[in-house]
Amino acid sequence: EAGVAQSPRYKIIEKRQSVAFWCNPISGHATLYWYQQILGQGPKLLIQFQNNGVVDDSQLPKDRFSAERLKGVDSTLKIQPAKLEDSAVYLCASSRMLLTDTQYFGPGTRLTVL
Amino acid sequence: AQSVTQLDSQVPVFEEAPVELRCNYSSSVSVYLFWYVQYPNQGLQLLLKYLSGSTLVESINGFEAEFNKSQTSFHLRKPSVHISDTAEYFCAVSDRDNQGGKLIFGQGTELSVKP
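Quick look at the structure, then. All of these numbers come straight from a predicted model, not from anything done at the bench. (Residues numbered from 1 in each chain as written. Chains lettered and ligands numbered in written order. Predicted model: local features only at pLDDT ≥ 70, side-chain atom pairs only at ≥ 80, totals over all residues. Heavy atoms only, no water.)

A separate point is the overall build of chain B. Helix and strand content of chain B: zero helices and 12 strands. N-terminal to C-terminal, the α/β element order of chain B is β-β-β-β-β-β-β-β-β-β-β-β. Over its C-alpha trace chain B gives a radius of gyration of 14 Å, about what one expects of a compact globule, namely 13 Å for 115 residues. Seen through its principal axes, chain B has C-alpha atoms that stretch 45 × 30 × 25 Å. Out of the 115 residues in chain B, the part that is buried amounts to 48%. By sequence separation, contacts in chain B at least 24 residues apart represent 58% of the contacts at least 6 residues apart. (Helix = DSSP H or I, 4+ residues; strand = E, 2+ residues; numbered from the N terminus. Rg over C-alpha atoms; globule rule 2.2 N^0.38 Å. Buried < 20%, exposed > 50% of the residue type's maximum accessible area, 1.4 Å probe, protein only. Contact = heavy atoms within 4.5 Å.)

And the structure:
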């Protein structure tokens, strides 16, 4: 069974530029999560989808971050415009559906904003 | 709201020594508890989880953790570590009543096993 795929693995941009990250979850997984992991900290949930609907986006900075999950499969997270403090690893995870189902994480995208 | 505190940011140990990684949580509701591990240059992987039943849970590679409700702790232990256990370990909680399954992570503990 293929794992969670993310691309790109690394991205370097200037502040005020835009960037997009892509995630392909494990086949059949209804729930998809985007986490932000700043160096030296644990991951923090940005947004959670159940199929193609948003369950929780309470910690998503909506003035600059947006995410979508078209057709309930792949997802894209966008930052526009980026700030220096957005430098972090962006992790995508997926799980089947139930609250107790294990979340499987992708390798992450490391973003550096200069 | 929940929060998780991992009391040690770095734990250096010698191979074959025992280790304990400490995790305390704060929550006004009942929680599920997890330990995730991140090996160098790899993604996060679930190590073990407590959902209900026996308060002692074990992983396939010799780690165990015990849920202590009165002390709101979920410490991770291994009686004898190997070089291959070198990794970053994250403790996490989720709200039992929140159907979303959102995980709240601690800051992580870097375990470094030396020969």
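What follows is about unusual backbone geometry. Residues and elements named next belong to chain A. With an omega of -10°, the peptide bond running from Ser-7 to Pro-8 counts as cis. Among the secondary structure elements, Pro-8 is positioned in the loop between strand 1 (5–7) and strand 2 (10–13). Phi is positive for Asn-51, which is not a glycine, with a value near 55°. Structurally, Asn-51 is set in the loop between strand 5 (44–50) and strand 6 (53–56). One non-glycine residue, Lys-71, adopts positive backbone phi at about 60°. For Lys-71, the position within the fold is in the loop between strand 7 (65–68) and strand 8 (75–79).

Let us now look at the packing of aromatic side chains. Think of a pair of aromatic rings as described by two things: how far the centres are apart, and how the planes are tilted against each other in angle. Taken as a whole and judged by the stated rule, the model has 13 aromatic pairs over all chains. A network of ring pairs unites the aromatic residues Tyr-33, Tyr-35 and Phe-105 of chain A together with Phe-34, Tyr-36, Phe-90 and Phe-105 of chain B as a single cluster. (Phe/Tyr/Trp six-rings, centres within 6.5 Å; stacked < 30°, edge-to-face > 60°.)

Another aspect to go through is the interface of chain B and chain A. Contact residues are listed per partner, giving 20 residues for chain B and 22 residues for chain A. Taking both partners together, chain B and chain A bury about 1600 Å²; carbon and sulfur atoms supply 55% of that area. Between chain B and chain A we count one salt bridge in total. Put simply, chain B and chain A have two residue pairs in polar contact (both at pLDDT 80 or more) between them. Of all the secondary structure elements, the ones that give two or more residues to the side of chain B that touches chain A are strand 5 (31–38), strand 6 (44–50) and strand 10 (87–95) of chain B. Classifying every residue of the side of chain B that touches chain A by side-chain character gives eight nonpolar, eight polar and four charged. (Buried area = accessible area lost by both parts, 1.4 Å probe. Salt bridge = Lys/Arg side-chain N within 4 Å of Asp/Glu carboxyl O. Polar contact = N/O pair within 3.5 Å; in protein donor to acceptor, adjacent residues only side chain to side chain. Nonpolar A, V, L, I, M, F, W, Y, C, P; charged D, E, K, R; others polar.)

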